[in-house]
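Here are the chains, one letter per residue:
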Amino acid sequence: MPDIDPANKSMEEIVALCKRRGFVYPASEIYGGINGFWDYGPLGTALKNNIRDHWWKQTVECPPIGPDGEPVSIVGLDSSIIQNPKVWEASGHVGGFNDPMTMYKECKKLLRADHVWYVFYGNPDEIGKYGEDLTGQGVDVRSFFSDVFALEQLPPDERQRIINEDANLKQALGNTESLPFLIKKAVLAGSKEEAFEAAEFSSKQRKAIEKHGAKPLTTYPLMVPDRAWDDGGSLCPNCESRDSLTEPRQFNLMFESYAGAIQSAENKVYLRPETAQGIFLNYKNVVDTMRVKMPFGIAQVGKSFRNEVTPRNFIFRSREFEQMEMEWFCAPDDSPKWYDFWKHERMRWWESLGVSKSNLRFRDHDEDELAHYSKMCVDIEYKYPFTAPGYGELEGVAHRGCYDLTQHQTHSKQKMEYFDQERQVKGQKAGLSKDEINAQSKYIPNVIEPASGLTRGVLVLLTEAYTPDESRASKVYMKFKPKFAPIKAGVFPLVNKDGMPEVAQKLYMGLREKFACQLDAKQSIGKRYARMDEAGTPYCFTIDGETLTGGTVTVRDRDSQSQERINIDKVEAFLDEKMGE
RNA sequence: GCGGGUGUAGCUCAGUGGUAGAGCGUCACGUUGCCAACGUGAAUGUCGUCGGUUCAAAUCCGAUCACCCGCUCCA
């Protein structure tokens, strides 16, 4: 029984085999490579295409049966990588996710600046020198903090009254994502405990603050995310050194380019960081032209681009990668049912690729790590050699609510509402009022998004297939499920004479019309088997003396290395059957 | 971004200042009777790149790039 635990597989050896056998090459290698990019060789391309085709077939052409016993309906799409830049403003990718990073000079710990809280010691005049638009909402920081500190002196009831009357404060408090909201809520609360409650700090944030709180602070420490000042009273949660933060650096996570020959701010465009937005952009087109009705899905496979801070771990995190995403549109009140359905459906799908159950798991996201768009999210994780005994993300199934369509409705001024006629009819039959019927049948759909990394899928199948075996000549073989193997069969004359090559040639010519296969008469039979083991070819057909007299060939099984004889006329049917399994 | 490590033939690696090496693989020819058999022969390198020191650099120094490990990030 081969060892299937990725913890015992060496990433380095997998990378070496990938190069040696033409699965994955370093990109632009002859120029010294380029950080974060990889090229897929002939076998890697075949493997990737096999996974992609299977996903497309199982998602678009032959989708599963839904939880109600009805077949689900999903259509395909191939949207442009470059879209109107407003798309990324609406989606929140511009602005919201250019995470600034900051580092403690003392201990070299790197942090996301918005995960750092800065502690002020309470003198509004001091703070005044940072007078700038801290809030991003046109609120001058000097007067803002003066206001806040003035408020702090007042009894809670009085504070609340003033906030209610102050349009500026109200506005700041209106946006729950905004910085002033957190600050003000924290400051205006009556105690530290209350501040935590009021500011709705997550457990993680709380912990960081608690650590600061161990130091002598004023009664109401101000936790200001998103900004660093060299003299701003910061305290490293790691080494507890004071005031040693560097200026936050802007990390631009989207690739930029210019549409048109002249580079200027007006024609700046972005390479998409996810395929999903292309689907949302065409949601209306699909509804209007494809006779789809709720619930339904739109699927897309394609390249995406992210300027990862640290591309690492082979093709696991590269800056150019490929996604297989499906956006499932449904009525809001049906969304938990579909979230649950797709969560389990996607896990089944990965298992159907031959990935061991023991190497896969679900991981539900904590509330405080959810993305801006997401209500619920679960990752399907795989135990990669470089994460083992831990796991790393392979696919995310996110409940995106109506976030994206609402955003696009707001930004584009195009109606994204769906009128659900089935619900209308149902309402009429139930004798509901017109208003009630409208309320139930008019809605912006909710979206469940199973988004998997195709290139991560390649990595998983490579890892999963990689099987060291000291007992065989190649010392290792790639145990792909036959359906996904880049080469399905080898055809070998046992020796290159006595009419065997001619028979092998004939068999090969027939098979190649249907299967990716290779004819090989060179060198010893053992070498040929060994080569096929490393390429992961599941079956090898060998023409020997008996073929010439009895019309049978041997089939050599990659995994067991055992042989059986079958009639040469049955080879195609044999492969057909094995590929279907 | 930081710290550590590595970089020599397709792969694995030896080579600590004096002519660029081995094993495996690849290719050709011969052989072959089911698991990298054997014989003969062949191709393959700006020693990651750039610069410096030196009569002389794969080797010493500096910079840079890529990969690996750890930290960190990953919408």
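Residues numbered from 1 in each chain as written. Chains lettered and ligands numbered in written order. Predicted model: local features only at pLDDT ≥ 70, side-chain atom pairs only at ≥ 80, totals over all residues. Heavy atoms only, no water.

Participant: Is there a simple way to think about the side chain of threonine 467 in this case?
Facilitator: Tracing the sequence through the fold places threonine 467 in strand β17 (residues 466–468). According to the relative accessible area criterion, threonine 467 is buried, its value standing at 4%. (Helix = DSSP H or I, 4+ residues; strand = E, 2+ residues; numbered from the N terminus. Buried < 20%, exposed > 50% of the residue type's maximum accessible area, 1.4 Å probe, protein only.)

Participant: Explain the packing of helix α2 (residues 42–61) against helix α16 (residues 454–465) to me, please; I cannot follow it from the model alone.
Facilitator: To characterise two packed helices, one gives the angle between the axes of the helices and the distance between these axes. Close contact between α2 and α16 brings their axes to 9 Å; oriented N to C, the two are set at 115 degrees. Judged by the inter-axis angle, α2 sits roughly perpendicular to α16. The handedness of the crossing between α2 and α16 comes out as right-handed. Residues Leu47, Lys48, Ile51 and Arg52 of α2 form the contact with α16, whose participating residues are Leu454, Thr455, Gly457, Val458, Leu461 and Leu462. Of the residues belonging to the contact of α2 with α16, the class tally is six nonpolar, two polar and two charged. (Axes fitted to C-alpha atoms, helices over the stretch in contact; angles between N-to-C directions. Parallel < 35°, antiparallel > 145°, perpendicular 65-115°, else oblique. Left-handed = near helix turned anticlockwise from the far one by under 90°. Contact = heavy atoms within 4.5 Å. Nonpolar A, V, L, I, M, F, W, Y, C, P; charged D, E, K, R; others polar.)

Participant: What am I meant to see in the sheet that holds strand β11 (residues 360–364) here?
Facilitator: Adjacent strands of a sheet form backbone hydrogen bonds with each other and so pair up, either parallel or antiparallel. On the basis of which strands lie adjacent, the open sheet formed by seven strands has the order β3-β9-β10-β16-β13-β12-β11 and mixed pairing. Edge positions in the open sheet fall to β3 (74–76) and β11, since each of these has one partner strand only. Strand after strand, the sheet turns through a mean of 20 degrees between neighbouring axes, direction not considered. One ladder, built from six bridges, connects strand β13 (residues 392–401) with strand β16 (residues 446–453); its direction is antiparallel. What sits directly across from histidine 399, in β16, is isoleucine 448. (Pairing = 2+ DSSP bridges.)

Participant: Just checking my understanding: could you explain unusual backbone geometry for this structure?
Facilitator: Residues other than glycine predominantly adopt negative phi, and peptide bonds predominantly adopt the trans conformation. A cis amide bond, omega -10 degrees, links methionine 294 with the succeeding residue proline 295. In this fold, proline 295 is placed in the loop between α11 (276–289) and β9 (296–305). Despite not being glycine, glutamine 561 shows a phi value in the positive range, around 60 degrees. Examined against the element boundaries, glutamine 561 turns out to sit in the loop between β22 (552–557) and β23 (563–567). Judged by relative accessible area, which is 33%, glutamine 561 ranks as partly exposed.

Participant: Looking at this model, I keep getting lost on the nonpolar core. Mind explaining?
Facilitator: Within soluble globular proteins, side chains that are nonpolar generally end up buried alongside one another. Ranked by size, the top nonpolar core spans 54 residues in total, and within it Ile51, Trp328, Trp342 and Leu462 carry the most contacts. A domain-level breakdown of this core finds at least three residues from each of domain 1 (6–90 + 270–409 + 446–463) and domain 3 (472–580). Once residues within four sequence positions are removed from consideration, isoleucine 51 is found in contact with Met324, Trp349, Leu353, Leu454, Gly457, Val458, Leu461 and Phe484. (Core = buried A, V, L, I, M, F, W, Y, C linked by side-chain atoms within 4.5 Å. Domains from an automatic or database assignment.)

Participant: Teacher, can you tell me more about the pairing of β22 here?
Facilitator: Within a regular beta strand, the side chains point alternately toward one face of the sheet and then the other, so they alternate between its two faces. The buried fraction of β22 is high, at five of six residues. Across five bridges, β22 lies against β23 in antiparallel orientation. By the bridge assignment, valine 555 is partnered in β23 with glutamate 564.

Participant: Quick question: what am I supposed to make of the side chain of threonine 275 here?
Facilitator: Inspection of the secondary structure assignment puts threonine 275 in the loop between β8 (268–270) and α11. Exposure remark for threonine 275: the relative accessible area of 0% places this residue in the buried category. A polar side-chain atom of threonine 275 sits 2.4 Å from a polar atom in the side chain of glutamate 325. Residue contacts for threonine 275: discarding those within four places in its chain leaves Gln300, Gly302, Lys303, Ser304, Gln323 and Glu325. (Polar contact = N/O pair within 3.5 Å; in protein donor to acceptor, adjacent residues only side chain to side chain.)

Participant: Honestly, α16 in this entry has me stumped. Any pointers?
Facilitator: Within an α-helix, residues lying three or four positions from one another point in the same direction, as the helix has 3.6 residues per turn. The end-to-end C-alpha distance of α16, which contains twelve residues, comes to 16 Å, matching closely the 16 Å that a straight helix rising 1.5 Å per residue would cover. With twelve of twelve residues buried, α16 is to be regarded as a mostly interior element. When α16 is considered as a whole, its buried residues turn out to be Leu454, Thr455, Arg456, Gly457, Val458, Leu459, Val460, Leu461, Leu462, Thr463, Glu464 and Ala465. (Expected span 1.5 Å × (residues − 1).)

Participant: Looking at this structure, I do not really get the confidence of the model for chain A. What am I missing?
Facilitator: In low-pLDDT regions, the fine details of the predicted coordinates are not to be read closely. Chain-level statistics for chain A give a pLDDT mean of 77 and a share of 71% at 70 or above. Here residues 96–100 is modelled with pLDDT under 50, and outside its nearest four sequence neighbours on either side it reaches 19 contacts, counting other chains as well. Here residues 112–153 is modelled with pLDDT under 50, and outside its nearest four sequence neighbours on either side it reaches 99 contacts, counting other chains as well. (pLDDT = per-residue confidence, 0-100.)

Participant: Got a minute to help me understand the environment of tyrosine 418 in this structure?
Facilitator: With respect to the secondary-structure elements, tyrosine 418 resides in strand β14 (residues 418–419). Overall, tyrosine 418 belongs to the buried group, its relative accessible area being 9%. With sequence-adjacent residues up to four places away left out, tyrosine 418 is seen in contact with Tyr283, Val287, Val292, Lys293, Met294, Ser441, Lys442, Tyr443 and Pro445. A distance of 3.0 Å separates the side chain of tyrosine 418 from the backbone nitrogen of methionine 294, its partner in a polar contact.

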